[in-house]
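Geometric and topological summary
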Amino acid sequence: MTKRILVTVGTRPEAIKMAPVIRALQAQPDLECRVLATAQHRQMLDQVLAVFGITPDIDLDIMQPGQSLTGLTGRLLLRLEEVLAAEQPDAILAQGDTTTVLATALAAFYARIPFGHVEAGLRTGDLSNPFPEEMNRVVASHLTRWHFAPTRLAADRLLAEGYAPDSIHVTGNTVIDALHMVAATDPDSGLALDPARRTLLVTLHRRENFGAPLGRILDALERLMNDNPDLQMVLPVHHNPAVRGSVNARLSGHDRVILCEPLDYTAFVGAMMGATLILSDSGGVQEEAPALGKPVLVLRETTERPEAVSAGVTRLVGTQAETIRAAAQQLLDDPAAYAAMARRESPYGDGQAAGRIVAALRAGLA
Ligand code: UD1
Ligand code: UDP
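Residues numbered from 1 in each chain as written. Chains lettered and ligands numbered in written order. Predicted model: local features only at pLDDT ≥ 70, side-chain atom pairs only at ≥ 80, totals over all residues. Heavy atoms only, no water.

The protein chain is annotated in an unreviewed UniProt entry as UDP-N-acetylglucosamine 2-epimerase (non-hydrolyzing) from Paracoccus contaminans. What UniProt records for the protein chain under Catalytic activity (unreviewed entry) is the sentence "UDP-N-acetyl-alpha-D-glucosamine = UDP-N-acetyl-alpha-D-mannosamine". (UniProt positions renumbered as here; feature names shortened; annotations may be inferred.)

1. Focus on the overall build of the protein chain
Counting its regular elements, the protein chain contains 15 helices and 13 strands. Whereas a compact globule of 366 residues would reach a radius of gyration of roughly 21 Å, the protein chain reaches 20 Å, a difference of no more than 12%. Long-range contacts, defined here as pairs at least 24 residues apart, represent 68% of the contacts in the protein chain between residues at least 6 apart. Split by element, the accessible area of the protein chain, about 14100 Å² in all, is 53% carbon and sulfur. (Helix = DSSP H or I, 4+ residues; strand = E, 2+ residues; numbered from the N terminus. Rg over C-alpha atoms; globule rule 2.2 N^0.38 Å. Contact = heavy atoms within 4.5 Å. Areas by Shrake-Rupley, 256 points an atom, 1.4 Å probe, with all protein chains shown as cover.)

2. A closer look at the environment of P56
Structurally, P56 is set in the loop between α2 (43–52) and β3 (58–59). In this structure P56 comes out as partly exposed when scored by relative accessible area, which is 23%. (Buried < 20%, exposed > 50% of the residue type's maximum accessible area, 1.4 Å probe, protein only.)

3. Details of the nonpolar core
Counting 59 residues, the largest nonpolar core has I5, L25, L93, Y265 and M272 as its most contacted members. Of all the elements, helix α1 (residues 12–26) adds the most residues to this core, at eight residues. Apart from residues no more than four positions distant in its own chain, Y265 is found in contact with I16, V51, F52, V175, A178, L179, V182 and E288. In terms of nonpolar packing, the next biggest core, distinct from the first, is built from 30 residues, L221, V243, L279 and V317 among them. (Core = buried A, V, L, I, M, F, W, Y, C linked by side-chain atoms within 4.5 Å.)

4. Topic: the pattern of salt bridges
For the coordinates displayed, the defined rule picks out 31 salt bridges. Notably, a salt bridge pairs K17 with E287, separated by 2.8 Å at the nearest N-O pair. Of this pair, K17 sits in helix α1 while E287 is found in helix α11 (residues 283–291), placing the two residues 270 residues apart along the sequence. A relative accessible area of 3% means that K17 is categorised as buried. In this structure, the salt-bridge partner of R305 is E119, at a minimum N-O distance of 3.3 Å. In this pair, R305 sits in the loop between β12 (296–298) and α12 (306–310) while E119 sits in the loop between β5 (115–118) and α5 (133–142), placing the two residues 186 residues apart along the sequence. (Salt bridge = Lys/Arg side-chain N within 4 Å of Asp/Glu carboxyl O.)

5. A closer look at the site of ligand 2
Within the structure, ligand 2 sits among 15 residues, and R12, L263, S282, G283 and E288 are positioned closest to it. Contacts to ligand 2 include L263, whose backbone N or O atom sits 2.8 Å from a nitrogen atom. The separation between an oxygen atom of ligand 2 and a polar side-chain atom of E288 is 2.5 Å. Here ligand 2 loses 95% of its free accessible area of 540 Å² to cover by the protein chains. Secondary-structure elements contributing two or more residues to the shell around ligand 2 are α1, α10 (265–274) and α11. Taken together, the residues of the shell around ligand 2 sort by class into eight nonpolar, four polar and three charged. (Near = heavy atom within 4 Å. Polar contact = N/O pair within 3.5 Å; in protein donor to acceptor, adjacent residues only side chain to side chain. Nonpolar A, V, L, I, M, F, W, Y, C, P; charged D, E, K, R; others polar.)

6. Description of the sheet that holds strand β10 (residues 257–260)
Taken in spatial order, the six strands make up an open sheet running β10-β9-β8-β11-β12-β13, and their pairing is parallel. On the outer flanks of this sheet lie β10 and β13 (314–316), each paired with one strand and no other. Put simply, the sheet's adjacent strands are angled 20 degrees from each other on average, direction ignored. Contacts from α10 reach β8 (198–203), β9 (231–236) and β11 (277–280) within the one sheet, and its direction differs from that of β8 by about 135 degrees. (Pairing = 2+ DSSP bridges. Axes fitted to C-alpha atoms, helices over the stretch in contact; angles between N-to-C directions.)

7. Remarks on the packing of aromatic side chains
For any pair of aromatic rings, geometry is given as the distance between the ring centres together with the angle between the planes. In the structure shown here, the tally under the stated rule is two aromatic pairs. Residues F52 and Y265 carry aromatic rings whose centres are separated by 6.0 Å and whose planes lie at 35 degrees to one another, so their mutual orientation is tilted. With F52 in helix α2 and Y265 in helix α10, the pair connects residues that are 213 residues apart, well separated along the chain. Looking at F52, the relative accessible area reads 5%, which means it is buried. Seen in terms of ring centroids, F109 and Y110 are 6.1 Å apart; in terms of plane orientation they differ by 50 degrees. Their pairing is tilted. Looking at F109, the relative accessible area reads 49%, which means it is partly exposed. (Phe/Tyr/Trp six-rings, centres within 6.5 Å; stacked < 30°, edge-to-face > 60°.)

8. Here's the deal with the pairing of strand β1 (residues 3–9)
A large share of β1 lies buried, amounting to five of its seven residues. Taken together, the seven bridges between β1 and strand β2 (residues 31–37) define a ladder with parallel strand orientation. Among the inter-strand pairings, V7 is bridged to a residue of β2, identified as V35. Between the parallel elements β1 and β2, the chain passes through α1 in a crossover that is right-handed. Two elements, β1 and strand β4 (residues 91–95), share three bridges in a ladder whose sense is parallel. Across the sheet, residue L6 finds its bridge partner in β4, namely I92. (Right-handed = clockwise from strand over helix to strand, strands pointing away.)

Here it is, written out as structure tokens:
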């Protein structure tokens, strides 16, 4: 009998990482894939869905400007209860650690529908960093029937927390599947960049960096631009108003800084491929950039993605201005230090994760 799988996506990274899974499910004649967009992000979700040609079957259109965590969680739970009652799926999948994932896992639990967690087992061990994502992951794991761990390390963390070995599947991270799909098209950022200049690519959005840490990061970026007249910087500005205000106030008007709207995934992969150096607090960028051979300085105090740090291709530099500036300047000045980091490594996957997830899910539903 055909099994019905409901796939939930809410934000930009969830859609990027679930697109390969949705495609793989849609190719199975004995599985029916239904896509639920919570639209926790509106514009940034739609950008990704358009790139991958995905039309949601259900769209909750939940986003509100400046939404609070509690308000968003409450509204999502109420709407998800209605959807699950109407859809009656055999299984529900969600990816990552956003509020959409927490609410989906909890609504699935209340409705007694098995939940599969894509990108399971990431941890920093600090509930306030990243906030609130570490809590979302920990709670989601408790509510999960199938843990799809991207790496052996993530699977080992789940085993150490006592989850049953036969509920854990090491699959690779689906972001590498998505990256391969897009990188194969030789994408271009579409930005008017000066080919004679070296390019810093920057993304910023983490809640725990809002306020003073973000101010210090912007200090470092401003200093780097002033100290290096051959540099240009691309910073696609996240829609979160807490980010927009600070970034625009500090960097707009600088003639070598390109502040743009969030790039669609194809253009952003093109921007990564063209970058000299990436500075980012993003989770996904820490996974993608190493696969493209681009060094990343991670603008956070901690990371749940230590595999690339251990491989020497990303570096955790925190949020102190001088530490960030010095680390970036060293890579700009010292070709040997740069070459040591600019190695193509793919600790997060081989581009085949979605197929493994679908195979494990099918076996689990048999
Ligand atoms: C969310 C996730 C974070 C993830 C990030 C990916 C939570 C708590 N946070 O953070 O884990 O890393 O997405 O980018 O789930 N907005 C728009 N249009 C958009 C998207 C956002 O206007 O397309 C604005 C809205 O004012 C919205 C605000 O940004 O209220 C915050 O969005 P929200 O999803 O709550 O948090 P993010 O910081 O985007
Ligand atoms: N990304 C994008 N356009 C941009 C910036 C990032 O498509 O302008 C992609 C990036 O390649 C990665 C994902 O968005 O796959 C990361 O999203 P984000 O940093 O918002 O969230 P996180 O990964 O930290 O949860």
